[in-house]
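Residues per chain, in single letters:
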Amino acid sequence: MIFKKNAIKLADILDSAAKSEREVEIQDLFMRTTLDSICELGFGLDLGSLSPSLPEVPFANAFDRLSEAIAHRSLGLFWRTRRALRLGYEKELQKCITELDDFTYKVIQQRKKVIEEANKNNEENTREDLLSRFMNFKGQDGEDTYKDKDLRDSILNFVIAGRDTTAITLSWLVYLLCNNPHVADKISAELKSVLGDTKDVSIREFCELLTPECVNELHYLHASVNECLRLYPPVPRDGKVALKDDVLLDGTKVKAGDRLVYVPYSMGRMEFLWGKDALMFKPERWFKDNKFQSESPYKFTAFQAGPRTCLGKDSAYLQIKTTAAVLIRFFQFRLLPNHRVYYRLGMVLQMINGIKVFVSRC
Ligand code: HEM
């Protein structure tokens, strides 16, 4: 399974950092882990960004610059004029779009060739990645349902939605566990009670034991991930446009075309929603009578609510919990003294200089 494979690659990199007592920037490693996973799921492509040499990945680089440029557009005035004149961040944004387009269209053309070749040889196209599935859709006239531009948009949408969000959650989780080691201890105890004693088990053997059914039983780990998403939602603010006149629950009138913004970052920290200890990282708040209790998505808004709720939520939990279980079982993390963690301006709640940690084996 893709998530386990990449969790093992990540663990191997951390293992060598632990042996050489090197500091690591773990947000970058998580970004590589989730990028490789989503590219394999989405394109059926092994980008190899998590290989031991940690190569420069132009595709990922263009994504990061694009996110920052879009955030500048949403804050700045006169962006249409800047776009027309290709000034400042608008120039950068166009450059990033071209780089991402070139990469994606190349992948689409390569896949088309593979499918044409298979058709010629009367072989079935059995590839299961999203791109291949989208390409298999045909209209009644036998024509492709999705044109190249639709394929580009769908695939990039999945990469944008799936890479940063999951990596950012893992990064903040490590940050929170470094500051709350008693929570890491409780997760370790839960791993032991669900998987048994894994003292003499290798990382690969541990991953074998970690079936999706086992991952589902890790309620305290799930609660810790939810606490992390409550305090540090990867999509910290989100905007909507009203399609028709409406009245909000508190009586506020909304007109068709009005823009509304909701802010999961603030909602996750409101005392009237979460109590006096709203700012504390406390996985226990997700348990009632010793049983894990989920919250309404209109209160816990990290994945949004309603018909346009996140499509990748289950997949995200599976990857986050699988990766976190491996890391917590085999490693301990310590924040680098004097490394200050700051938010980065962007569409998502990334850290500007990442998160630097020392890592050691448990
Ligand atoms: C912790 C991880 C994640 C968080 C917090 C998250 C959050 C969100 C949020 C807030 C939205 C709504 C955005 C909007 O409409 O304005 C969304 C939509 C979406 N997400 Fe996620 N996401 C996560 C992981 C993923 C993953 C791993 C995938 C794909 C494998 C994914 C796929 C999608 C898709 C396709 C949509 C669009 C749904 C639609 O418009 O109908 N997400 N996500």
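It should be emphasised that the depicted structure is a prediction, and the values quoted were computed from it without experimental measurement. (Residues numbered from 1 in each chain as written. Predicted model: local features only at pLDDT ≥ 70, side-chain atom pairs only at ≥ 80, totals over all residues. Heavy atoms only, no water.)

Participant: It is not clear to me how the coordination of the iron atom of the ligand should be interpreted in this structure. Could you clarify?
Facilitator: Tetrahedral coordination by four donors places them ideally at 109.5 degrees to one another around the metal; octahedral coordination by six donors ideally gives 90 or 180 degrees. Inspection of the coordination sphere of the iron atom of the ligand shows a single protein donor, Cys310 (SG), at 2.3 Å. Looking at the element boundaries, Cys310 is found in the loop between β7 (291–292) and α14 (313–330). (Donors = N, O, S within 2.8 Å, 3.2 Å for Na, K, Ca; no water. Helix = DSSP H or I, 4+ residues; strand = E, 2+ residues; numbered from the N terminus.)

Participant: Just to check I follow, could you spell out the site of the ligand for this structure?
Facilitator: Contacts to the ligand come from 22 residues, most closely from Thr165, Asp238, Lys240, Arg308 and Cys310. One of the side-chain N or O atoms of Asp238 is found 2.6 Å from an oxygen atom in the ligand. Between the ligand and Lys240, the relevant distance is 3.2 Å, taken from an oxygen atom to a side-chain nitrogen or oxygen of the residue. Here the element with the most residues in the shell around the ligand is helix α7 (residues 148–179); it accounts for 6 residues. Residues that form the shell around the ligand fall into these classes: 12 nonpolar, 7 polar and 3 charged. (Near = heavy atom within 4 Å. Polar contact = N/O pair within 3.5 Å; in protein donor to acceptor, adjacent residues only side chain to side chain. Nonpolar A, V, L, I, M, F, W, Y, C, P; charged D, E, K, R; others polar.)

Participant: Is there a simple way to think about the packing of aromatic side chains in this case?
Facilitator: Each aromatic ring pair is described using two quantities: the centre-to-centre distance and the angle formed by the ring planes. Tallied over the entire structure, the rule returns 19 aromatic pairs. Where Phe134 meets Tyr146, the ring centres are 5.2 Å apart and the plane angle is 80°; that geometry is what we call edge-to-face. Linking Phe134 in helix α6 (residues 130–135) with Tyr146 in the loop between α6 and α7, this pair joins segments that are 12 residues apart in sequence. A relative accessible area of 16% places Phe134 in the buried class. Ring geometry for Trp172 and Tyr175: centres 5.5 Å apart, planes at 85°, overall edge-to-face. Linking Trp172 with Tyr175, this pair stays in helix α7, spanning 3 residues, or about one helical turn. Over the aromatic face of Tyr232 sits the side chain of Arg269, whose NZ or CZ is 5.1 Å from the ring centroid. Positioned over the ring face of Phe331 is Arg361, at 5.6 Å from the centre of the ring. (Phe/Tyr/Trp six-rings, centres within 6.5 Å; stacked < 30°, edge-to-face > 60°. Buried < 20%, exposed > 50% of the residue type's maximum accessible area, 1.4 Å probe, protein only. Lys NZ or Arg CZ within 6 Å of the ring centre and 35° of its normal.)

Participant: Looking at this structure, I do not really get the confidence of the model for the protein. What am I missing?
Facilitator: Low pLDDT means the predicted coordinates in that region are not meant to be read closely. For the protein, the average pLDDT comes to 92, and 100% of its residues sit at 70 or higher. Element-level mean pLDDT values for the protein span from 85 in helix α3 (residues 58–75) up to 98 in helix α11 (residues 219–231). For this predicted complex, the interface score ipTM comes out at 0.98, alongside a pTM of 0.92. (pLDDT = per-residue confidence, 0-100.)

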